[in-house]
Each structure stands twice: as structure tokens, then as C-alpha cells.
Amino acid sequence: MSLIIKDLHASIGERQILKGLNFEMKPGKVQAIMGPNGSGKSTLSKVIAGHPDYTVTAGEILLNGENILEMEPDARARAGIFMAFQYPSEIPGVTIANFLRAAVQARLPEGELIDAVEFYETLYAKMDMLEMKREFTTRFVNEGFSGGEKKRNEILQMAMLEPKFAILDETDSGLDIDALRIVSQGVNKLKGPHMGVLVITHYQRLLNYIVPDEVHVLMNGRIVQSGGKELALELEAKGYDWIKEDSLVAA
Amino acid sequence: MSQTATPDIDIDRSVGDFHYDTSYEFDAGVGLSSKTVDYICDVKGDPQWIRDFRQKALKIFESKPMPTHWATEDLENIIFKNIRYYLSKGQVPKRTWEEVPEDVKRTFERLGIPEAERKFLSGVEAQFDSEAAYSNIKAIVAEQGVIFVGSTEGLHKHPEIFKKWFGKVIPTTDNKFSALNSAVFSGGSFIYIPPGVKVKHPLQAYFRINAQNFGQFERTLIIADEGAEVTYMEGCTAPKFETATLHSAVVELVALKGAKIQYITVQNWSSNVFNLVTKRGLAMEDAEIKWIDCNIGSRLTMKYPGVILKGRKARGEVISIAMANSGQHQDTGAKMYHLADDTTSNIVAKSIGIGSGRSTYRGMVHIPKHLKGCKNNTECDALLINTNSRTDTYPAIQVRGNKNSVQHEASVSKVSADQIFYMQQRGMTEAQAMSLSVNGFVNDLVRQFPLEYSVELKRLIDMEMEGSVG
């Protein structure tokens, strides 16, 4: 099981954002990518997920050796890639239960119908684990949700869909400390040898709760520095400017 | 121009889009004249007053212009002289499926009608082109005095009730197509529910167009006597032909004092059908009429179910779902005429436009000045999928006086690219994602449907979305 990104170049409109990015997601590991605003963090997660607004101009993304760049976003998702959205959309009139049901159904072979009893058993078990109230499933997806509820909904979906590689895109944005703690606890419960987790964040504070095995710095469309969890603390203390200078020297 | 253009779309209507060759014993030929009307009268053995009624209606039809001054010019593409107005294999509907001709039976079996009848219906009428091939009511319902037959049988066997109400809710002169229907009507249901009888399970009619260049003109009249209750459901399909097909029904409902009628339509016409239907109910004191109208498919649908609230405290409701895919135009809405104090009406219309599909809501709420205590609530919501679909709302609400209350809300929303991407990221295909959005949009209405019909509607939405993704 592997997800390898090789020499990735991507742009939105005329603007080149990723400029030769190399990275490997590792099963069983929690990896963090940090970077200042505009460094390409969100572009990276969206390109992996296959957002139609972005154009890949060079490079490849290999999932278990297969280039996924030609695959539709839904095919990538079914192959095991999950993205927790920074700003998840509202789906009016569709309950969380029905939404998840449709997502699980989409993973079954054609003609096979979801076993409703089994589905709800699994759903309730995951919700218990995440300490979520059952009434939550009857609400319409993200409609009128607080920032914290939206992110918990993302984590619940991740729990139900059991991805091989999960990307958390700025999951901490818009969360107060309590919500941050709850969401992080969820991720910590779900992580394990079966799944690689990539935490994309601007701030170090999320990494107090989800402790990464590796920290990488993304700047100007490339990974410019890699290290252990202590790198995050260093960035918090010193900002990004010193790396900028270092990487310029290295380049 | 003898051929009408059919839009270049090919939606998978796998359930309805099939056609078995069949031969007809009775065929009025192509085109419409007083001879056509006479032929129909002769075949059906109509009494003189119906013959006169039809001939007069034909003149009215011919004298009325196409309503293109307010409606779409696509109506000009209906070539009346190329249409066949009456086709049947025989006039008497069978009471058991065994007696129904094999090819016709096969059609209805494929559409699941006999199965539905066994499972959850009180009675079924299955119309094939001009006439019902099958009509049956469960003994337990018939024993209560409920009459459920075709229009011809109703007119022959129950003239005292039939004549009293026929053409009274919707006069021949109402519009060009009600006049056309009045001239050549055939098939449809005649239903009478005696006082106080509450029919537990729905009665169902299924309208099937099988022939090309054909017009189906069923005529339905439902009378619920005092305190009676009934639910009637109709389903419609036709195979997709190259040429235009016309469906032009007239449906009249009469709910006497304290009666309740619920009329549910789930239509799934193929994209060559002009569907121009007039539906109206008359609600007397404390009576309730509710139209649930789901319009999926067809090339052009024009339909505005209405209720005349004639008695005090009468209630009228229209719940409408219309879905216009590329090449289709759903011009639908509702009419509420308040003619007595304390009458209430509720209109909830949801339309979905996909691709270049066009949906139009037309409403008419009329509350005259001298009335008091009348209420109307109108909500129309449109959902657009893909940016080039078009939606229009014409909510004509005429309320005079200050002792009545009216509420009107309208909204237009779009399924955004971000929503679709979000759902795709969860593993749903683009079609599944659009389908889920549409189901969410109509969710609050569909919950009011009988289960079997909400399942059917969901399946039709899925199918429609499957066909609209390239």
C-alpha cells in the first residue's frame, strides 16, 4: 500500500502553484505538511482528490503503483483516498445517514444492495466510538452546522468509509479549542496500521493533539524541509522565514 | 412539414421504453374531422347527447387559437392532421388478466401493474392506447358500493351520476385542449364513492401509449359523495418514437360535503410526448382535494391542477414536482379559486432543471373581495443543475379585501460544482451525486407519498440523472 507523488506540477488557471513536488504517504504513519499561506497546501490535497479546477501539468500520483491522475474523483475515493474538507459543502434535504448510505452503496459491486441493518449497526458503532449522538444522523449534511460539527461530520465519514489514505485539509480552521480536541480525539482513535494520515495545516497547534511521525514544510510549491515532530515546534517559534532563507541557499 | 422535430436526447427510460407490435380492430385513421368523431361515437355506442357534446366540442377546438401568446411556441409543432385519434382492440375491458390479449398483458406485466395490484391496490384500470384493456376492483371495495369503471362504461351504466357532473368542473370551452379532449375522449376512469365510504387502499389507473403518431385522450371523473374518502393514483409511460405523440387528458374531481380526494400522478413520458392535461377539482363545504403531481419526462408538459373551493372551509392543495431534462419543458403549476369564506389552499411546487431543460411555474390564486377568513400559502422552489437551465415563475395571486391572508415564497438554488465534488470525493459518481441532491431537494414532499410511489419516484430520478451525465 503506497501513495507516491512524483515531480508534481499543478496550476489553477494561469497560475502555477505546485512546482515539482515529491512526497510519499506512508501507511500507519501520521505525516504533517505545514506551510505559509499560498504555499500550495490546499492545492496539494485538492489535486490528490481530483478537483476539476486544477490542472496537472507534469508529474504523477501513484496509488499502489497506478497513476490516479486519469481517474475521476469518485474512482479515486473508492480506491481508498479520503479528504476531510476545509469547507465541506451543505447538501440540503439529505440526512447524514442517507448521505453515508449512498457513499457506502457506491462502493458495492453493481446490482448489490446495501444491507440496511448492517449499515446502521456499523454507523452506530462508529458514532459510539466517536462519542457522537445518534440524532446527528438525522440532520441534513452540514446545513446550519457549527464549524466543529462540520469537522466532526468529516471525521464520521472517514470512520465509515475506512480509507487507506486520509488527508485532513486545514481541519483546525474555524475550530475553538474544545472542538479541536474532540476532532483530534476522533482522528487518534481511527489512525492505525491500516491507514496513512496526512495532516495539512498552517498552525502547529493541531499537532499538539494529533502528534505526527513526520513534519514536512511546503513552500513555493515544493517540499523544502522534512523532520520529526519537533520541526513543527521550531516553525511555531521561529516562523517560516528562516526556512525560506535556508531553502534559497540550498537551491 | 409533416414530421415534427424531436430533440436530440436519449435518456434511458428502460422501464417504459419498449414496444410490442400489435394490431388494432378499431382505428379512426389519421387526422381529425367530424367523421373522426362520428367513428368514435359509433364504435363506442355513445348516446346522442354525447355525440352532440363531442361535435360541439370539435367546433370549439377548431375555433380556439393555440395559446402561444402566453405559452411556448413549441405547441405549433403539434400537427393535428398527422395524429391518430382512436385505436383499440375492443371496447370492453377484461376483468381478469388471463382474458387480456397476450401482447397487451405482456406490456403491463413488464410495467409491474398486476404485481402492484396484488400488493397494495384496491382496484386497477390499465389503459392501452384508447381503451382500457383491464379493469378490476377488489370485491370488498365493490361491496361497499364503490364504482370504478372506464368512462364509457360509466356513461352507459351510471348515466344519472355521470351526466350530473360530466363537463361541469372543466367546461369544454376551458381551453383548446380540454375542447379537443371533449371531442375525442376515450378511456380514463369513472369513480363514485358512496356517502361515508372510506376506500382504504388506493385505486390506480395506468395509461400506456403504445402506438406512434397517436393521441391519448382519457377522461376521468371522480365523485366522492358526502364524507367519502379515496386516493387515486395514475402512472403513465410511452415508448420513445421518432415522431411526436400527444397526451391530452381531462380530469374532473368532485368532493361533496366533508369528502376527501387525493389524486397522485407519477408520469414518466418519453421525450417525444406533448403532455397537455387539464385537471381540476370542485370542493364543497369542508371537503378536501389534494393533487400530488410528479412530472418527469415528456417533451412539453403543460398542466396546472386546480381546486375550486366552493363550500365554506373547503381545502385545496397542490404538491408538484417537475423535472425538466435537456430538450424538455415542464410548464406546470396550480390554480386555486376561493369562492367561499374560510377556505384554505396550499401550493408547494418544486422544479428541477437539468442541462438545457426548462421549467416554468404558473400559479393562479384567486380570492375575491367579499370573502373573509381565506388563506393561501404558495411556495415555489427551483433547483438548477448545470448553468444553462432556465426557470421562470409566474405566481399570479389576486387577493382582494383585507380579511384574507396570503403567503408567498420562492427560491432558486443551484447544485454547485463544489457540492458535486464533495459527494464524488465520498465515492459517488457524478450521476449519483446529482441524484442525491435532487432527492434531497424534493425530500420533504416525497415523504407525503405512499411508500410505493416514493420508491418509484426515486428510481425515476436516478434513471433521469444516469441519462443526463455524458
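Residues numbered from 1 in each chain as written. Chains lettered and ligands numbered in written order. Predicted model: local features only at pLDDT ≥ 70, side-chain atom pairs only at ≥ 80, totals over all residues. Heavy atoms only, no water.

A. Local environment of the packing of helix α3 (residues 96–105) of chain A against helix α5 (residues 147–161) of chain A. Residues and elements named next belong to chain A. Between α3 and α5, the shortest axis-to-axis distance is 11 Å and the interhelical angle comes to 35°. Along this stretch, α3 crosses α5, giving a crossing that reads as right-handed. Every residue of α5 that contacts α3 at Ile96, Phe99, Leu100, Ala103 and Val104 is listed here: Asn153, Leu156, Gln157, Met160 and Leu161. Looking at the contact of α3 with α5 residue by residue, the class counts come to eight nonpolar, two polar and no charged. (Axes fitted to C-alpha atoms, helices over the stretch in contact; angles between N-to-C directions. Helix = DSSP H or I, 4+ residues; strand = E, 2+ residues; numbered from the N terminus. Left-handed = near helix turned anticlockwise from the far one by under 90°. Contact = heavy atoms within 4.5 Å. Nonpolar A, V, L, I, M, F, W, Y, C, P; charged D, E, K, R; others polar.)

B. Spotlight on the nonpolar core. Grouped together as the largest cluster of nonpolar side chains are 105 residues, with contacts concentrated most on A:Phe99, A:Leu156, A:Val199, B:Phe108, B:Ile321 and B:Ile352. No other element matches helix α10 (residues 430–446) of chain B, which puts eight residues into this core. Mapping this core onto the domain boundaries places at least three of its residues in each of domain 1 (26–303) and domain 2 (416–470) of chain B. What B:Phe108 contacts, discounting residues up to four positions off in sequence, is B:Trp97, B:Ile113, B:Pro114, B:Ala126, B:Gln127, B:Phe128, B:Ala133, B:Tyr206 and B:Arg208. Counting residues in hydrophobic clusters, the runner-up holds 40 residues, among them B:Phe207, B:Val251, B:Ala259 and B:Ala287. (Core = buried A, V, L, I, M, F, W, Y, C linked by side-chain atoms within 4.5 Å. Buried < 20%, exposed > 50% of the residue type's maximum accessible area, 1.4 Å probe, protein only. Domains from an automatic or database assignment.)

C. Quick look at the sheet that holds strand β3 (residues 30–34) of chain A. Residues and elements named next belong to chain A. With respect to topology, six strands assemble into an open sheet ordered β6-β7-β8-β3-β9-β10, the strand pairing being mixed. Each edge of the open sheet carries a strand with a single partner, namely β6 (81–84) and β10 (222–227). Averaged over all adjacent pairs, the angle separating strand axes in this sheet is 20°, with direction ignored. Note: β3 against strand β8 (residues 196–201), five bridges, orientation parallel. Each residue of the ladder has a partner; that of Ile33, found in β8, is Ile200. Sheet strands touched by helix α8 (residues 230–238): β3, β9 (214–219) and β10. Its angle to β9, the strand with the most contacts, is close to 45°. (Pairing = 2+ DSSP bridges.)

Limitation: the analysis is restricted to geometry and does not speak to function.
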